[in-house]
Amino acid sequence: MYVLGLDVGSASSKVVILDDDKNIVSFSTVQVGTGSTGPARALEEVFKKTNGLKIEDMTKIVATGYGRYAFEKADKQISEISCHAKGIFHLVPTARTIIDIGGQDAKAIRLDSRGAVSQFFMNDKCAAGTGRFLDVMARVLEIEITDMAEYDSRASEVVNVSSTCTVFAESEVISHLSNNIPKENIIAGIHASVASKACGLAYRTGLEDDIVMGGGVAQNAGVVRAISRELRRPVIVAPNPQITGALGAALFAYDEAKKH
Amino acid sequence: MTETEGMNAKQKLAYYLDKSYADANAAHSKGELVCWSSSIAPAEFCVTMGIHMLYPENHAAAVGAKHGAIEILELAERKGYTMDNCSYSRINLAYMDLLVEEKKTGKTPEALQKLDELKVPRMPLPDIIITCNNICNTLLKWYENIAVSLNIPYIIIDTPYVHDWPIPQHTIDYMKEQFKYAIKQIEDLTGKPFDYEKFVKVQEQTQRSVAAWDRAMGMAAIVPSPLSGFDMFNFMALIVCARSQFAAEDTFNTLADELQVKADAGQDAFKGGERTRIAWEGIAVWPYLSHTYKALKNLGMNMVGSTYPGAWSIHYEVGDLGQMAAGYCKMYSNTCLDNKVNVISDVLINTNCTGILYHLNRSCKLMSFLNVETAEILKEKTGIPYASFDGDQTDPRNFSEAQYDTRVEALSEVMEQMKAEKAKA
Ligand code: SF4
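All values derive from a computational prediction rather than experimental measurement.

When helices and strands are tallied, chain A shows eight helices and 10 strands. Principal-axis analysis of the C-alpha atoms gives chain A an extent of 60 × 40 × 30 Å. Taken over 260 residues, chain A has a buried fraction of 57%. Partitioning the intrachain contacts of chain A with sequence separation of at least 6 by distance along the chain shows that 64% fall at a separation of at least 24. Of the accessible surface of chain A, which amounts to about 10,600 Å², a share of 49% is contributed by carbon and sulfur atoms.

This is the structure:
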C-alpha cells in the first residue's frame with residue numbers, strides 16, 4: 001500500500017509518498033507554489049524517483065497548504081496546522097512546541113504528549129517574519145537566499161531591523177547599506193527580526209521543550225540560531241524541514257487508508 | 001390588525017429596517033428632527049420627543065455588507081482619515097461629506113449614486129447627534145467631527161469604565177446628571193418641555209423589546225440550535241435601531257416563535273448538519289459575511305455563542321433613571337477584563353460551545369486588544385480551544401479569505417479531535 005501527501009504552499013510545492021510501514025519512499029520539493037506548475041511538477045518528480053509508481057497506485061491522497069483545494073485527486077484536505085503537527089511529531093516524538101516558518105506564514109503550535117494540537121497561533125497579514133520577507137531582503141542585498149545563513153555566521157554584530165512591517169524593514173536595510181554596515185551584520189539583524197516574530201507566537205503557546213522547527217525557513221541556520229538565541233533554548237530542526245507538512249498529510253492519508 | 005400581520009420574522013426585519021430609513025427621510029423633508037446615534041446610546045430621550053433615530057454603525061455595516069465600502073473608505077482616506085481609524089467612522093464621515101456636497105450643489109455625487117444603486121439605504125443629515133462611550137472612545141471624536149462640521153447639538157453620555165461591582169454610586173449619579181442635561185439639550189432644540197409621561201411609555205416599550213430579543217437569542221442555547229449566529233448578526237440591526245419601538249418587540253417575538261417550532265421539531269440551523277458549536281467573539285466581517293458563514297457551515301460548525309446579543313439586553317426598572325444609568329454603563333465592553341471573561345464563559349456554558357473564534361478587528365481596538373488576553377485567560381479557565389483571525393468589520397482590505405479558512409479549519413480539526421477523544425473516554 002502507498003499513500004501520498006501533498007503540501008501546496010504559497011511559495012513551494014512538496015510531495016511525500018509513504019509505504020505500508022510509514023517509510024518515506026520518495027519525496028520532492030519544487031520552489032513554486034499554488035496557482036503555478038509547481039504541484040504538477042512536484043508530483044511528476046516524486047513518481048520519477050520511485051520504481052514506476054503511479055498516482056493510481058496511491059490508496060489515499062491528502063492535500064494541505066494554501067492550495068489544498070486546487071488538487072482534485074485528493075481524497076481529503078487537512079489544514080497545515082494539523083499536518084505540520086503530525087509530520088513533526090512523527091519525526092521528533094519529544095516535540096511539544098513547533099515553530100514553522102513558510103513562504104507566507106509563520107506559525108507556532110503546541111502539542112500534548114500524544115502529539116495532539118492543543119494550541120496554535122499564526123502570523124498576521126504582513127509578510128514580516130515569513131519566508132517572503134527573507135526573499136525581499138535577499139533581493140535588496142543582492143545575494144542568494146541560500147547564502148544568507150553563511151553571511152550570518154560571519155556577523156560581528158546584530159543590527160536592528162524592524163519586525164513590524166516588511167516595507168519599513170526594507171528601507172531600514174537600505175539605509176544600513178548606505179551607511180556601509182557590513183552585509184553580514186545586516187543579515188544577522190534580518191534573521192533576528194524574523195525570529196522575534198516567530199518567537200512572539202511561540203511564547204504565546206506556553207513554550208514547552210522540545211522546540212522543533214519545520215518549514216522551508218528552518219533550512220536557514222541563521223534564522224534557527226536567532227530563534228534559539230531569542231528563546232534562550234536549544235531548537236531542533238526537523239529532518240528535511242520543508243517536507244514536514246507533506247509528510248503529515250501523507251500520515252493522515254495513511255490513517256485514512258487503514259480505516260477502510 | 002397591525003401592518004406586519006402575516007409576515008415572518010425575516011420579512012418583518014426587512015420591513016421595519018426599510019421603514020426606519022423611509023420614516024426618517026420623510027421626517028427630514030417635512031422639517032422634523034433627525035438624530036444620528038451610536039449603537040448603544042440611550043434612545044429613550046429622543047424617541048420620547050418624537051425625534052427620528054438613525055444609526056451610523058448600522059448604516060456603515062450595510063455599506064460593507066452590500067459591497068460598497070472600498071470607494072467610501074478611499075474618500076475618507078483622501079480627506080486625511082488614516083486606515084487606523086475605525087472603518088465605521090471612516091465610512092460615516094465620508095458619507096456625511098457626500099450628503100453635504102449633495103445639499104450644497106444640488107447634484108448627487110457619483111459615490112453616493114453608486115451606493116443608491118447598491119440599494120444602501122439613504123440617511124438624511126442629522127439635526128442632533130447622541131453618543132455614549134460605553135462601547136469605545138473613538139465615538140467621541142467621530143461624533144465631535146460631525147457636530148462641528150454640521151454645527152448641530154451634540155449629546156454625550158460619558159460612561160465611566162466599570163472596574164468595581166456593584167457599580168459605584170458616584171458613577172450612577174454622574175450619569176444621571178448627564179441624562180438630565182441631555183433632556184435639557186433636547187428641550188432647547190425642540191422648544192418643548194420634556195414629556196415625562198411618554199418617557200415612561202417609551203421605557204416600557206424598550207423593556208418589552210429587550211425581553212423579546214432575549215427570548216429569541218436565548219434559542220441559541222438549544223442543542224442542536226435552531227438559530228445560527230449569523231442570523232443573529234442580521235437581526236441585530238433592529239435591536240440597534242428600534243430598541244425603543246414596537247417594531248423590535250414584534251419582530252423578535254415572531255422570530256422566537258418560529259425558532260421554538262423548529263426546536264420542537266428537533267431542527268437545527270444547518271438542517272441536521274450541526275457537528276460542533278462555536279462562539280464568535282467580535283463584530284461580523286460584513287463584506288465577507290457569506291464567506292465567513294459558509295466556511296464554518298461547510299465544517300458543520302454552528303456559531304451559536306456570542307456576547308453580542310447581550311450588549312443590547314439593557315434591563316432596568318421603568319421610571320428609575322439610576323437603574324437606566326447602570327444598564328447603559330455595564331455594557332460589557334465598558335467593564336474590566338474579569339467581567340469580560342465571566343461574560344464569555346457564561347455564554348460558552350449556556351450555549352454549549354466547544355470552541356471560540358476571535359475576530360482581531362483592525363477597526364475596533366478596544367475589543368481586539370482585550371481579546372488576546374481574554375482568550376488566554378479563558379483557555380486556562382475552560383480548556384476550550386480557540387483561534388483568532390485578522391479582519392475588519394467593514395474594510396474589506398483588512399481580511400484574507402485564505403487566512404480565515406486555514407485558521408477555522410485548524411480549529412475545527414482540534415475540536416473534532418477533542419470530541420472524538422471525549423466520546424472514546
Ligand atoms: S471602534 Fe469598535 S466599538 Fe468603536 S465604533 Fe468602531 S467598531 Fe464600534
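Having seen the model, we can carry on.
A few words on the interface of chain B and chain A. Accessible area lost on assembly of the parts is the figure often given for the size of an interface. Each partner contributes residues to the interface: chain B has 23 residues there, and chain A has 21 residues. Put simply, chain B and chain A have three salt bridges between them. When the shortest N-O distance is used, the salt bridge between Glu 376 of chain B and Arg 204 of chain A registers 3.4 Å. For the pair chain B and chain A, the number of links is eight residue pairs in polar contact (both at pLDDT 80 or more).

Moving on: the packing of helix α5 (residues 87-105) of chain B against helix α7 (residues 138-150) of chain B. Angle between the axes and distance between the axes: these two values describe a pair of packed helices. Residue and element names in this part refer to chain B. As a packed pair, α5 and α7 sit with axes 10 Å apart at the nearest point and diverge in direction by 10°. In this view, α5 runs roughly parallel relative to α7, as classed from their interaxial angle. Here Tyr 88, Ser 89, Asn 92, Leu 93, Met 96 and Val 100 of α5 come into contact with α7, specifically with Trp 142, Asn 145, Ile 146, Ser 149 and Leu 150. Across the contact of α5 with α7, the residue classes break down as seven nonpolar, four polar and no charged.

Turning our attention to the sheet that holds strand β7 (residues 355-361) of chain B. All names here are of chain B. Across the sheet, four strands lie side by side as β6-β5-β7-β8; this open sheet has parallel pairing. Every other strand in the sheet has two partners, leaving β6 (301-305) and β8 (386-391) as the edge strands with one partner each. The average angle at which neighbouring strand axes cross in this sheet is 35°, direction not considered. As paired elements, strand β5 (residues 276-281) and β6 share four bridges and run parallel to each other. Paired with Arg 277 across the bridge in β6 is Asn 302. Helix α10 (residues 229-241) contacts β5 and β6 of the sheet and is inclined by roughly 50° relative to β6.

Residue and element names in this part refer to chain B. Counting through the fold element by element, Gln 393 comes out in the loop between β8 and α16 (401-424). Considered as a pair, Gln 393 and Lys 119 are 274 residues apart in the sequence and their alpha carbons are 19 Å apart. Among residues more than four places away in sequence, those in contact with Gln 393 are Cys 86, Ser 87, Tyr 88, Ile 283, Ala 284, Val 285, Trp 286, Pro 287, His 359, Asn 361 and Ser 363. Within polar-contact distance, the side chain of Gln 393 engages the side chain of Asn 361 at 2.9 Å.

Looking now at the domain arrangement of chain A. Residues and elements named next belong to chain A. Per the domain assignment, the segments of chain A are domain 1 (1-92 + 242-260) and domain 2 (93-237). Once you take the C-alpha centre of each, domain 1 and domain 2 turn out to be 25 Å apart. Counting each side, the surface lost to burial between domain 1 and domain 2 is near 1,600 Å², with a carbon and sulfur contribution of 71%. Among the residues domain 1 hides against domain 2, the three largest losses belong to Ile 81, Phe 89 and Val 92. Together they make up 41% of the total. Run the count over domain 1 and domain 2 and you get zero salt bridges. Our enumeration of links across domain 1 and domain 2 arrives at five residue pairs in polar contact (both at pLDDT 80 or more). Across the side of domain 1 that touches domain 2, the residue classes tally to eight nonpolar, five polar and one charged.

Moving on to the sheet that holds strand β2 (residues 52-54) of chain B. Residue and element names in this part refer to chain B. Across the sheet, which stays open at both edges, the four strands sit in the order β2-β1-β3-β4 with parallel pairing between neighbours. In this open sheet, the two strands that pair with only one neighbour each are β2 and β4 (154-157). Strand-to-strand twist of the sheet, defined as the mean angle between neighbouring strand axes without regard to direction, takes the value 25°. The pairing of strand β1 (residues 34-37) with β2 spans three bridges and is parallel. Looking at the pairing, Cys 35 lines up with Met 53 of β2. The sheet contacts of helix α8 (residues 169-190) involve β3 (128-132) and β4, and relative to β4 the element is tilted by about 165°.

Time to look at the environment of Lys 197 of chain A. Residues and elements named next belong to chain A. Note on placement: Lys 197 falls in helix α6 (residues 183-205). For Lys 197, a relative accessible area of 22% corresponds to the partly exposed category. Considering only alpha carbons, one finds Lys 197 and Gly 35, 162 residues apart in sequence, at a separation of 27 Å.

All names here are of chain B. When the terminal C-alpha atoms of helix α14 (residues 337-351) are compared, their 21 Å separation across 15 residues agrees well with the 21 Å that a helix rising 1.5 Å per residue should span. Within α14 the residues assigned to the buried category are Asn 339, Lys 340, Val 341, Ile 344, Ser 345, Val 347, Leu 348 and Thr 351. Contact partners of the buried residues in α14: β5, β6, β7 and α15 (365-382).

The next point concerns the side chain of Asp 268 of chain B. All names here are of chain B. You can see Asp 268 is positioned in the loop between α11 (246-264) and β5. Buried charge without a partner: Asp 268 forms no salt bridge, and the closest opposite charge is Arg 277, 7.7 Å away. A polar atom in the side chain of Asp 268 sits 3.3 Å from the backbone nitrogen of Glu 274.

Attention shifts here to the state of the cysteines. Under the counting rule described, the total for this entry stands at zero disulfides over all chains. We note that Cys 35 of chain B lacks a disulfide partner, and the nearest cysteine sulfur, in Cys 46 of chain B, lies 4.0 Å from it.

A complete count under the given rule lists 22 aromatic pairs over all chains for this structure. The interplanar angle of 80° and the centroid separation of 4.9 Å between the aromatic rings of Phe 194 of chain B and Tyr 196 of chain B together place this pair among those described as edge-to-face. Counting every residue linked through ring pairs, the aromatic cluster contains Phe 230, Phe 233, Phe 270, Trp 280, Trp 286, Tyr 288, Tyr 293, Phe 389, Phe 399 and Tyr 404 of chain B. Sitting over the face of the ring of Phe 252 of chain A, Lys 86 of chain A holds its NZ or CZ atom 4.7 Å from the ring centroid. The ring of Tyr 151 of chain A has Arg 154 of chain A lying over it, and the distance from NZ or CZ to the ring centre is 5.0 Å.

Rules used throughout
Residues numbered from 1 in each chain as written. Chains lettered and ligands numbered in written order. Predicted model: local features only at pLDDT ≥ 70, side-chain atom pairs only at ≥ 80, totals over all residues. Heavy atoms only, no water. Helix = DSSP H or I, 4+ residues; strand = E, 2+ residues; numbered from the N terminus. Buried < 20%, exposed > 50% of the residue type's maximum accessible area, 1.4 Å probe, protein only. Contact = heavy atoms within 4.5 Å. Areas by Shrake-Rupley, 256 points an atom, 1.4 Å probe, with all protein chains shown as cover. Salt bridge = Lys/Arg side-chain N within 4 Å of Asp/Glu carboxyl O. Polar contact = N/O pair within 3.5 Å; in protein donor to acceptor, adjacent residues only side chain to side chain. Axes fitted to C-alpha atoms, helices over the stretch in contact; angles between N-to-C directions. Parallel < 35°, antiparallel > 145°, perpendicular 65-115°, else oblique. Nonpolar A, V, L, I, M, F, W, Y, C, P; charged D, E, K, R; others polar. Pairing = 2+ DSSP bridges. Domains from an automatic or database assignment. Buried area = accessible area lost by both parts, 1.4 Å probe. Expected span 1.5 Å × (residues − 1). Lys, Arg positive; Asp, Glu negative; His and termini not counted. Disulfide = S-S within 2.5 Å. Phe/Tyr/Trp six-rings, centres within 6.5 Å; stacked < 30°, edge-to-face > 60°. Lys NZ or Arg CZ within 6 Å of the ring centre and 35° of its normal.

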